[in-house]
Amino acid sequence: MEAEPPLYPVARAAGPQGDEDPLGVPDGQAAPLDDLVGAYPNYNEEEEERRYYRRKRLGVLKNVLAASTGGSLTYGVYLGLLQMQLILHYDETYREVKYGNMGLPDIDSKMLMGINVTPIAALLYTPVLIRFFGTKWVMFLAVGIYALFVSTNYWERYYTLVPSAVTLGMAIVPLWASMGNYITRMAQKYYEYSHYKEQEQGPQNRPPRGSHAPYLLVFQVIFYGFFHLSFACAQLPMVYFLNHYLYDLNHTLYNVQSCGTNSHGILSGFNKTVLRTLPRSRNLIVVESVLMAVAFSAMLLVLGLCGAAYRPTEEIDLRSVGWGNIFQLPFKHVRDFRLRHLVPFFIYSGFEVLFACTGLALGYGVCSVGLERLAYLLAAYSLGASTASVLGLLGLWLPRSVPLVAGAVLQLLLTLCLFFWAPVPRVLQHSWLLYVAAALWGVGSALNKTGLSTLLGILYEDKERQDFIFTIYHWWQAVAIFAVYLGSSLPMKAKLSVLVLTLVAAVTSYLWMEQKLQRGVVPRQPRIPRPQHKVRGYRYLEDDNSDASDAEDERGHDGGGGGPGDGAEEEAPSAGPRPGPEPAGLSRRSCPYEQALGGDGPEE
């Protein structure tokens, strides 16, 4: 019986020249060490660096597409479910047969009140939420609350619908503020990854102001192109399910006498029974299950595919300025004349979206051509807005005020035309005019939303301010939506008059702001406190603070001077060498090891 060969080769004493292994590589002292552990002979550092930053840029594009798709699916599910449930609950027969004397209209009114009133308090907690959880996790949390609202419609009771509506109202402003902040940060990161060689040559130099504007404009076009598609996605339950149960316009509009500019409130005289047959509970559960699955998919999309907006060290710095300062800074930004001049545009941005969904779609559309065509009117608005979002790219070649003012002028002309138009009920010959008006209104909405978000991202580049600015923007939108909710019973002419006055004031105020900036007026901004870290770690042992903001770096190199921009605000003096004797213990913060040995560092 032959002996088995050893599993590992037995080490042999190497001769003066070394032995060779079966592969022909010499062993021992003569082994070519450089060939074994040295650099790869065909390694190209520049090419590997280029590939690395290309992967980084693709990751940013993935983040933008994931956030845009997640926001579109979330809002589409929310609008589709709310629209379908309000139509079902409006029908008298449906309420009496399925819910008896439970008081469903009262529940619906309190639910709408919770959705529209609760965002008024969002200015108090939205910045704190974003700084505490981080931008990505606030997005995920808000999308989860939208999914919670969908799930409560499986069991429609007061104690399920009203609390979930209040919770949803609390999540509206944090969701869209974090979305706007996220898209802006992605544009800044894409610029960093595209111009990495400039940062290597001068890592301490701040990028030129407005350098990320082209990428921001493209990303906002992508985001709002997806967002406006949500209005079309919300009509799928109507088209494929609810329209089969609706009466035609001759029944629902039998008592309607006036439409358009002559109407009062929302659908006065509309028939109390709109359902020809009642949908089966099993079919309703199937539809709500599909909507719940889409909402859950949006949650997973944001969780799995959206990367972080900030590096971990940046997030620590953002929340280390003090929670009291974070709470106060949104109010202190009222000092900035740019925000004060943009407030009318913020308010109009909320007005025009609600007018498209209620005034134009209901007061002009459903009132004249019936409830069964509501889905197609809103789909025309959605597709027009989504397609026209591409027109925002004109900002790459034209002044930034042109697309924003063009959208406002278009909607002003449409509003004036609607002021003198009263369509006849139950007459379909003019229905094509409704679809054209809805699509053109969508074009104005796209230019409005894209232009405003891009403008804010350009005016406020500092990462320390962006969450405050987008919170203020979407909070004013929420205030405008609340005002529309309160004035829903006003005559249509009053609504159109308020819309025209707000639009004229918004355009005038915005052009005045641009004129001030061209004259070189420096905006007054609140000082962002320097982060006060309470931990000791390797990040804070060096004299140079690697986590200093761009504004602090710029002041440190320019000697503390401020320029005419976001970095013009006053900050604490940088920690550099000063003339004269220094106080003991303030020259450098001692590390924990030195403190343990009795160093001069500050004690805890």
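Rules used in this analysis
Residues numbered from 1 in each chain as written. Predicted model: local features only at pLDDT ≥ 70, side-chain atom pairs only at ≥ 80, totals over all residues. Heavy atoms only, no water. UniProt positions renumbered as here; feature names shortened; annotations may be inferred. Disulfide = S-S within 2.5 Å. Helix = DSSP H or I, 4+ residues; strand = E, 2+ residues; numbered from the N terminus. Buried < 20%, exposed > 50% of the residue type's maximum accessible area, 1.4 Å probe, protein only. Arc of directions from axis to C-beta. Contact = heavy atoms within 4.5 Å. Polar contact = N/O pair within 3.5 Å; in protein donor to acceptor, adjacent residues only side chain to side chain. Axes fitted to C-alpha atoms, helices over the stretch in contact; angles between N-to-C directions. Left-handed = near helix turned anticlockwise from the far one by under 90°. Nonpolar A, V, L, I, M, F, W, Y, C, P; charged D, E, K, R; others polar. Salt bridge = Lys/Arg side-chain N within 4 Å of Asp/Glu carboxyl O.

- Named according to an unreviewed UniProt entry, the protein is Protein unc-93 homolog B1 originating from Loxodonta africana.
- Taken verbatim from the UniProt record of the protein, the Sequence similarities (unreviewed entry) comment is "Belongs to the unc-93 family."

### Examining the state of the cysteines
Here comes step 1: As enumerated under the stated definition, the model contains 1 disulfide in all.
Here comes step 2: Here C259 engages in a disulfide with C367; their sulfurs sit 2.1 Å apart. As the torsion about the S-S bond is roughly -85°, the C259-C367 disulfide counts as left-handed. Residue C259 is located in the loop between α11 (249-252) and α12 (281-305), and its partner C367 is located in helix α15 (residues 337-369); the two are separated by 108 residues in the primary sequence.
Here comes step 3: With a relative accessible area of 3%, C367 lands in the buried category.

### Considerations on helix α3 (residues 92-99)
Every α-helical turn comprises 3.6 residues, leaving residues that sit three or four positions apart pointing alike.
Here comes step 1: For α3, every residue scored as buried is listed here: Y94, R95 and Y99. Angular distribution of buried residues about the axis of α3 spans 95°; they occupy a single face of the element. Residues of α3 that are exposed and angled more than 90 degrees away from the buried face: E96 and V97.
Here comes step 2: Contacts made by the buried residues of α3 are with α2 (45-90), α4 (104-117) and α12.
Here comes step 3: The opening residue of α3 is D91, an N-cap whose side-chain oxygen sits 3.0 Å from the backbone nitrogen of T93.
Here comes step 4: One or two positions beyond α3, positive phi appears at G100, with a value near 60°.

### Things to note about helix α13 (residues 312-319)
Here comes step 1: Residues of α13 that are buried include every one of E314, E315, D317 and L318, and no others. Looking straight down α13, one finds its buried side chains confined to an arc of 160°; they lie on one side.
Here comes step 2: At its buried positions, α13 is contacted by α5 (122-133), α7 (158-194) and α14 (323-332).

### Considering the environment of Y224
Here comes step 1: Position of Y224 relative to the elements: it lies in helix α9 (residues 213-233).
Here comes step 2: Excluding anything up to four places from it in sequence, Y224 contacts S389, K449, T450 and S453.
Here comes step 3: In this structure the side chain of Y224 is engaged in a polar contact, spanning 2.8 Å, whose partner is the side chain of S453.

### Brief notes about the packing of helix α16 (residues 374-388) against helix α18 (residues 431-459)
Any two packed helices are characterised by the angle at which their axes cross and by the distance between the axes.
Here comes step 1: Axis separation between α16 and α18 bottoms out at 7 Å; the angle between their running directions is 40°. The handedness of the crossing between α16 and α18 comes out as right-handed. Facing Y376, L377, A380, Y381, G384, A385 and A388 of α16, the residues of α18 in contact are L434, Y435, A438, A439, W441, G442, V443, S445, A446 and L447.
Here comes step 2: Within the contact of α16 with α18, the residues separate by chemical class into 14 nonpolar, 3 polar and no charged.

### Let's talk about the pattern of salt bridges
Here comes step 1: Tallying each qualifying case throughout the model produces 13 salt bridges.
Here comes step 2: When the shortest N-O distance is used, the salt bridge between D106 and K110 registers 2.9 Å. Pair noted here: D106 and K110 are both in helix α4, with a separation of 4 residues, about one helical turn.
Here comes step 3: Taking the relative accessible area as the measure of exposure, D106 reaches 39% and is therefore partly exposed.
Here comes step 4: On the accessibility criterion, K110 (31% relative accessible area) is partly exposed.
Here comes step 5: We note a salt bridge from E514 to R400, for which the minimum N-O separation is 3.0 Å.

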